[in-house]
Amino acid sequence: MKNVLFPTDFSDAADYAKKAAFKLCKEHNLTLHVMNSLDNVHRYVSMSMTNAGDPSVPGFEPELMLEAMKEHKKQAEKDLLALKEEAEKAGIQVEGHLKSGKMHNDVQEVVEKFDIDFIIMGTHGASGFEEAFIGSNAQKVVRSANVPVLTIKPVEENKTFDVKRIVFASDFLEEEINNEIPKVRAFANFLEASLEVVYINTPSYFEQTVDSERRIRKVLDKNSMKDVKFTIFNDFNIDDGIVNFADHVEGDVIALITHGFSGLKKFLNDNITETVVNHSSRPVLSFQMPKD
């Protein structure tokens, strides 16, 4: 691995992700690509143009919004330069990218152009209406990126980002997902972290332990992972089970494989991935299956 992308809005939520990105880049001699998108300002400008002259939508004056966009771009350029200088002072090779489209599209463009190996980004998470209908930029990137995405929520100010144990959750039912499991192992090896596998057994999809063990062991053996520890963990639903197990074993990162909202979504599906990203206080590492 050589290149990591850190998309940022320069918010507090992005700050801890920035520290994690700096730490990983220094430890593994990676080039850091920092990116900011002006998508939000463009959206407001579009709204102002659409609603110009509409008395029911006050405050959306095109001229004022265009001026706001210019000021926002100037500030973003200033913040991006400051972030680059901070990285350089820390001994990190860094490149900056100021983009102007939708963030998840901008991310994919940078990933492809600069051969990005994985993405680190901060997230607030979401709840209620926002979780169900709006979603965060992090969720959109998780859905669309074709490289691993590590999403990180703000934690205690002085807490260091250390990855010693990665918890990987799967149902081990789909062959196309099982074929991607070695990528999780490779990432754990890259971070010099142990890998612990878990299957969540629920009342709705109850399965006898002997059947679960047989299937999991077959998949692990096929992928030359006989040394990897696995656990069958009981809970009322899958997403809570994943979060609760990671808390139980004090895992540092939760790893999941997602379809990216394409193809069949079965037992461990994309909705569960997004729910875990939203609800877990621990970083979540998402791997998307290759698109057809």
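Here, every reference points to the structure presented above.
So, a few notes on the structure that sits alongside this text.

What counts, and at which threshold
Residues numbered from 1 in each chain as written. Predicted model: local features only at pLDDT ≥ 70, side-chain atom pairs only at ≥ 80, totals over all residues. Heavy atoms only, no water. Helix = DSSP H or I, 4+ residues; strand = E, 2+ residues; numbered from the N terminus. Buried < 20%, exposed > 50% of the residue type's maximum accessible area, 1.4 Å probe, protein only. Contact = heavy atoms within 4.5 Å. Areas by Shrake-Rupley, 256 points an atom, 1.4 Å probe, with all protein chains shown as cover. 1 Å grid on protein atoms, 1.4 Å probe; cavity = no way out; pocket = protein on both sides within 12 Å on 5 of 7 lines; lining within 4 Å. Points joined across faces, edges and corners; volume = space filled by probe spheres on them. Nonpolar A, V, L, I, M, F, W, Y, C, P; charged D, E, K, R; others polar. Pairing = 2+ DSSP bridges. Right-handed = clockwise from strand over helix to strand, strands pointing away. Salt bridge = Lys/Arg side-chain N within 4 Å of Asp/Glu carboxyl O. Axes fitted to C-alpha atoms, helices over the stretch in contact; angles between N-to-C directions. Parallel < 35°, antiparallel > 145°, perpendicular 65-115°, else oblique. Left-handed = near helix turned anticlockwise from the far one by under 90°.

### Describing the overall build of the protein chain
The number of helices and strands found in the protein chain is eleven helices and ten strands. Looking at the 292 residues of the protein chain, the share that counts as buried comes to 50%. Long-range contacts, defined here as pairs at least 24 residues apart, represent 76% of the contacts in the protein chain between residues at least 6 apart. Carbon and sulfur atoms make up 49% of the accessible area of the protein chain, which amounts to about 14,800 Å² in all.

### Notes on the layout of surface pockets
Volume-wise, the second largest pocket comes out at about 240 Å³. Each residue belonging to the lining of the second largest pocket can be placed in one class, and the counts come to five nonpolar, three polar and six charged.

### Some remarks on the pairing of strand S1 (residues 3-7)
The side chains of a regular strand alternate, residue by residue, between the two faces of the sheet. Most of S1 sits inside the fold, with five of its five residues counted as buried. Judged by which residues are buried, S1 turns out to be covered on both faces: Asn3, Leu5 and Pro7 on one side and Val4 and Phe6 on the other are all buried. Direction of pairing for S1 relative to strand S2 (residues 31-37): parallel, over a ladder of five bridges. Within S2, the position partnered with Val4 by the bridge is Leu32. Handedness of the S1-helix H1 (residues 12-28)-S2 crossover: right-handed. In this sheet, strand S4 (residues 118-122) lies alongside S1 in parallel orientation, the contact comprising two bridges. Residue Leu5 lies in a different strand from S4, and its bridge partner there is Ile119.

### Details of the pattern of salt bridges
Taken as a whole, this structure holds 17 salt bridges when the rule is applied. Across the pair Glu180 and Lys183 runs a salt bridge whose closest N-O atoms are separated by 2.7 Å. For Glu180, a relative accessible area of 11% translates into the label buried. Relative accessible area serves as the criterion here: at 44%, Lys183 is assigned to the partly exposed category.

### Digging into the pairing of strand S5 (residues 149-152)
Of the two faces of S5, both are covered, the one formed by Val149 and Thr151 as well as the one formed by Leu150 and Ile152. Taken together, the four bridges between S4 and S5 define a ladder with parallel strand orientation. Within S5, the position partnered with Ile120 by the bridge is Leu150. Pairing analysis gives three bridges linking S5 to strand S10 (residues 284-288), with the strands arranged antiparallel. Bridge assignment links Thr151 to a residue of S10, and that residue is Val284.

### Quick notes on unusual backbone geometry
Located in the positive-phi region is Phe10, a residue other than glycine, with phi close to 65°. Relative to the elements of secondary structure, Phe10 occurs in the loop between S1 and H1. We note that Asn29 has phi near 55°; this positive angle belongs to a residue other than glycine.

### Describing the packing of helix H4 (residues 103-113) against helix H6 (residues 137-144)
One can describe the packing of H4 onto H6 by two numbers: an axis separation of 9 Å at closest approach and a directional angle of 45°. By the angle between their axes, H4 is oblique relative to H6. In terms of crossing hand, the pair formed by H4 and H6 is right-handed. For the pair formed by H4 and H6, the contact residues are Met103, His104, Val107 and Gln108 on the first element and Asn137, Lys140, Val141 and Ser144 on the second. Here the residues of the contact of H4 with H6 are counted per class, giving three nonpolar, four polar and one charged.

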